[in-house]
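Here's the letter readout for the chains.
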Protein chains: 2
Amino acid sequence: MNTLTLLLALAGALTSLQPTNSSQPPTSPSEVLAAATPEDWRAVEADDLLVITLANGKQVFVELAPTFAPVHVDNVRRLARAHWYDGSTVHRVQENYVVQWGQVEGEPVPPLPEGVIEQPPTEYEVSLNDSQLARFTLVQEGHYTARSGYLDTWPIGLETSGSRVSGGLIHCYGTVGVGRGNPPDTGSGIELYAVIGHAPRHLDRNLAVVGRVIEGLQTMSSLPRGTGDLGMYETAEERLPITSVRLASTLAEQERPNFRVLRTDTTAFRRYVEARANRGAPFFVRPAGSVDVCNVLLPMGRAPK
Amino acid sequence: MNTLTLLLALAGALTSLQPTNSSQPPTSPSEVLAAATPEDWRAVEADDLLVITLANGKQVFVELAPTFAPVHVDNVRRLARAHWYDGSTVHRVQENYVVQWGQVEGEPVPPLPEGVIEQPPTEYEVSLNDSQLARFTLVQEGHYTARSGYLDTWPIGLETSGSRVSGGLIHCYGTVGVGRGNPPDTGSGIELYAVIGHAPRHLDRNLAVVGRVIEGLQTMSSLPRGTGDLGMYETAEERLPITSVRLASTLAEQERPNFRVLRTDTTAFRRYVEARANRGAPFFVRPAGSVDVCNVLLPMGRAPK
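The rules we used
Residues numbered from 1 in each chain as written. Chains lettered and ligands numbered in written order. Predicted model: local features only at pLDDT ≥ 70, side-chain atom pairs only at ≥ 80, totals over all residues. Heavy atoms only, no water. Contact = heavy atoms within 4.5 Å. Buried area = accessible area lost by both parts, 1.4 Å probe. Salt bridge = Lys/Arg side-chain N within 4 Å of Asp/Glu carboxyl O. Polar contact = N/O pair within 3.5 Å; in protein donor to acceptor, adjacent residues only side chain to side chain. Helix = DSSP H or I, 4+ residues; strand = E, 2+ residues; numbered from the N terminus. Disulfide = S-S within 2.5 Å. Buried < 20%, exposed > 50% of the residue type's maximum accessible area, 1.4 Å probe, protein only. Pairing = 2+ DSSP bridges. Axes fitted to C-alpha atoms, helices over the stretch in contact; angles between N-to-C directions. Phe/Tyr/Trp six-rings, centres within 6.5 Å; stacked < 30°, edge-to-face > 60°. Lys NZ or Arg CZ within 6 Å of the ring centre and 35° of its normal. Patch = residues over 30% accessible without salt bridge, like charges linked within 9 Å, V, L, I, M, F, W, Y side chains within 5 Å. Areas by Shrake-Rupley, 256 points an atom, 1.4 Å probe, with all protein chains shown as cover. Lys, Arg positive; Asp, Glu negative; His and termini not counted. Charge placed at Lys NZ, Arg CZ, Asp CG, Glu CD. Least-squares fit on C-alpha atoms with pLDDT ≥ 70 in both. pLDDT = per-residue confidence, 0-100.

Concerning the interface of chain A and chain B
Contacts between the two partners involve 45 residues from chain A, matched on the other side by 45 residues from chain B. Between chain A and chain B, roughly 3700 Å² of surface is buried when both sides are summed, and carbon and sulfur atoms account for 51% of that area. Summed over the shared surface of chain A and chain B, the number is four salt bridges. Viewed at the interface, chain B and chain A are joined by 27 residue pairs in polar contact (both at pLDDT 80 or more). Listing elements by their share of the side of chain A that touches chain B, those giving two or more residues are β7 (137-143) and α5 (217-221) of chain A. With three residues, α5 of chain A is the single largest residue contributor to the side of chain A that touches chain B.

A word on the state of the cysteines
Residues and elements named next belong to chain A. By the definition in use, this model includes two disulfides over all chains. Here Cys-172 connects covalently by a disulfide to Cys-294, the sulfurs 2.1 Å from one another. Looking along the S-S bond of the Cys-172-Cys-294 disulfide, the torsion reads about -80 degrees, which is the left-handed sense. Pair noted here: Cys-172 is in the loop between β10 (164-169) and β11 (175-178) and Cys-294 is in the loop between α6 (267-277) and β16 (300-302), with a separation of 122 residues, a long-range link. Under the relative-accessibility criterion, Cys-172 is labelled buried at 7%.

Comments concerning helix α6 (residues 267-277) of chain B
Of all the residues in α6 of chain B, the buried ones are Ala-268, Phe-269, Tyr-272, Val-273, Ala-275, Arg-276 and Ala-277 of chain B. Elements that come into contact with the buried residues of α6 of chain B comprise α2 (29-34), β7 (137-143), β8 (145-151) and β15 (259-262) of chain B.

Examining the sheet that holds β16 of chain A
Residues and elements named next belong to chain A. Judged by pairing direction, the sheet is antiparallel, and its three strands sit side by side in the order β1-β15-β16 without closing on themselves. Looking along the sheet, the strands with just one partner apiece sit at the ends: β1 (41-43) and β16. Here the strands of the sheet are splayed against their neighbours by 30 degrees on average, with no regard to which way each runs. Relative to strand β15 (residues 259-262), β1 runs antiparallel, the two sharing three bridges.

Regarding the pattern of salt bridges
Here the structure, examined in full by the defined rule, presents 36 salt bridges over all chains. Put simply, Arg-201 of chain A and Asp-204 of chain A hold a salt bridge, and the shortest N to O gap is 2.6 Å. Accessibility expressed as a relative area gives 12% for Asp-204 of chain A, which makes it buried. The salt bridge involving Arg-135 of chain B is made with Asp-152 of chain B; its shortest N-O contact spans 2.7 Å.

Examining the packing of aromatic side chains
This model, assessed by the stated rule, comprises eight aromatic pairs over all chains. On the numbers, 5.7 Å between centres and 85 degrees between planes, the contact of Trp-84 of chain A with Tyr-85 of chain A is edge-to-face. Residue class for Trp-84 of chain A comes out buried when judged on its relative accessible area of 11%. Note on Tyr-85 of chain A: relative accessible area 1%, which makes it buried. Here Phe-283 of chain B and Phe-284 of chain B contribute two aromatic rings whose centre-to-centre distance is 5.3 Å and whose plane-to-plane angle is 80 degrees, an arrangement assigned as edge-to-face. Relative accessible area serves as the criterion here: at 10%, Phe-284 of chain B is assigned to the buried category. A cation sits over an aromatic face here: Arg-180 of chain B above Phe-283 of chain A, 4.0 Å from the ring centre.

Quick word on the side chain of Gln-132 of chain B
Residues and elements named next belong to chain B. With respect to the helices, strands and loops of the structure, Gln-132 is situated in helix α4 (residues 130-135). Judged by relative accessible area, Gln-132 falls into the buried class, the value being 13%. If near-sequence neighbours (up to four positions away) are discounted, Gln-132 is found in contact with Thr-67, Ser-127 and Leu-151.

Structural notes on a negative patch on the surface
Residues and elements named next belong to chain A. A contiguous patch of negative charge, built from Asp-229, Glu-234, Glu-237 and Glu-238, is present on the exposed surface. Residue placement: Glu-237 occurs in the loop between α5 and β14 (240-247). The exposure class assigned to Glu-237 is exposed, which follows from its relative accessible area of 69%.

Concerning the relation of the copies chain A and chain B
You can overlay chain A on chain B at an RMSD of 0.0 Å; the transform is a turn of 180 degrees with a shift of 0.0 Å along its axis. Read as a symmetry element, the transformation amounts to a two-fold axis. Comparing interface residues between copies, 100% of those in chain A also lie at the interface in chain B; the contact surface is shared.

Comments concerning the environment of Pro-299 of chain B
All names here are of chain B. Assignment of secondary structure puts Pro-299 in the loop between α6 and β16 (300-302). As a C-alpha pair, Pro-299 and Val-261 span 38 residues in sequence and 6.1 Å in three-dimensional space. Among residues more than four places away in sequence, those in contact with Pro-299 are Leu-33, Trp-41, Val-261, Leu-262 and Tyr-272.

Considering the confidence of the model for chain A
Residues and elements named next belong to chain A. Put simply, chain A has an average pLDDT of 93, and 91% of its residues get 70 or more. Counted against residues more than four places away or in other chains, residues 1-22, with its pLDDT under 50, gives twelve contacts. What the predictor reports for the complex is a pTM of 0.93 with an ipTM of 0.92.

Written out as structure tokens, the structure is:
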């Protein structure tokens, strides 16, 4: 039994030790959240938070995932700090797939800020150590990767090769990734996309994921679909200009939005997953008994004042 | 070995007998479609096609699935024939979930046309016979149900209990179902929803699925999200009126739109699934090797003149 197997077995044993009361109806996801304590949440760091302000006055907030794609995330931070994205556009909206913004492929590229790596390494997966694996919460097995679940609040697929366990971020609804051309190009971060459809898991381990939309995705997902190839807007007039993209850490403290995400190495999260997998009465007749890793819908939002 | 196992084994053997040329790059989904013959497609029957015309002038087309929920589909046809939906509204748009139209819960219900069954049976699954099972094409195993795949062009989850194999339609992006209150209510069809997010598979075998949007879903999915509970529009002004809902079979022949769907009991479809599971060069670095039943994206659209 290797370390991972042991840890998973222990986690399973702990989960099964949770007190349950079989005379009670199954707990609903909202009941689990209502019972969560402040310690069950973690704050979103200001240096990991992008504030995108669109020309229509609406804002979209993206949490960055520096652990999984450090060079790409560093690029995005540098581009934001230099106000490089300001004046670029949302120019692609493809039904049941992605919305894309920033640089338009084929158009002249404004000079990049100092330190931006034009061809980052292929940060499509990372090796995980025992400490990380101890914090991994399994959601499902055998769907795209041997194991799928959450590590430090991020949906991730695990694969094992010899003694190495690798983790790759999963493309769920709301995942933000880096557009690119054909390999070896991995994209520099000048064009970004967010998923607005059924999880396009064939993109996993093929593109660099840099984060997720934490609030405001509906502003992008409700845009008119582009009528060009791949949902590109065919005219400049259709494009939605981006007024500004800022790292929250560069805003005055009182202007920084405060978000939080449910931690995923907790009993509260395991109960939440179980509740999502077993929706019960009065509405549901037959609980599914399991849940897709992308249908867990990890709770996240504004932190209470 | 029971009949189903035998049939699946035979299907597997046939698939593995397909001629392949390992010196060629993997075939792409579009190459498979380009090589499909007219016999690989089936027409959408005019009596199975709903034409929804919205007040903004746009149209949404829904193909009905009478095999799986005959009483609910009969209700929907009767409601359409009686023009019952005309003047109702799209009144709920919930991000990453559903758009809903027709009757607004809690508001007075106009008289129902003759023959509409107010409390249909729980048509959430059907028993499948050997002939149907022979036409079933497996896409994946162990995800929500033991087997998932396509039967007569519909995504379906199979479960086996003794000698009975049941099939339930799967809630994918674009699936159309019947809104309802708490059980034993199954919904009469006066309120309908379409999925506009990641497949909400917990709805499978809990609500009656009556069809899928075959064209025009982007008109609904790009509507502003409702700000009320469950994405309900909070004011009457936000609601988008429905000008008319017609069964194509009641339109003059020259006004009937002609749609087609790729058949799923064919080599062309099996190749298409394989191509969707193994996206290759020049863009993809690492093919996924499998595909979620809801990410097959069954080809469908206007029939060529």
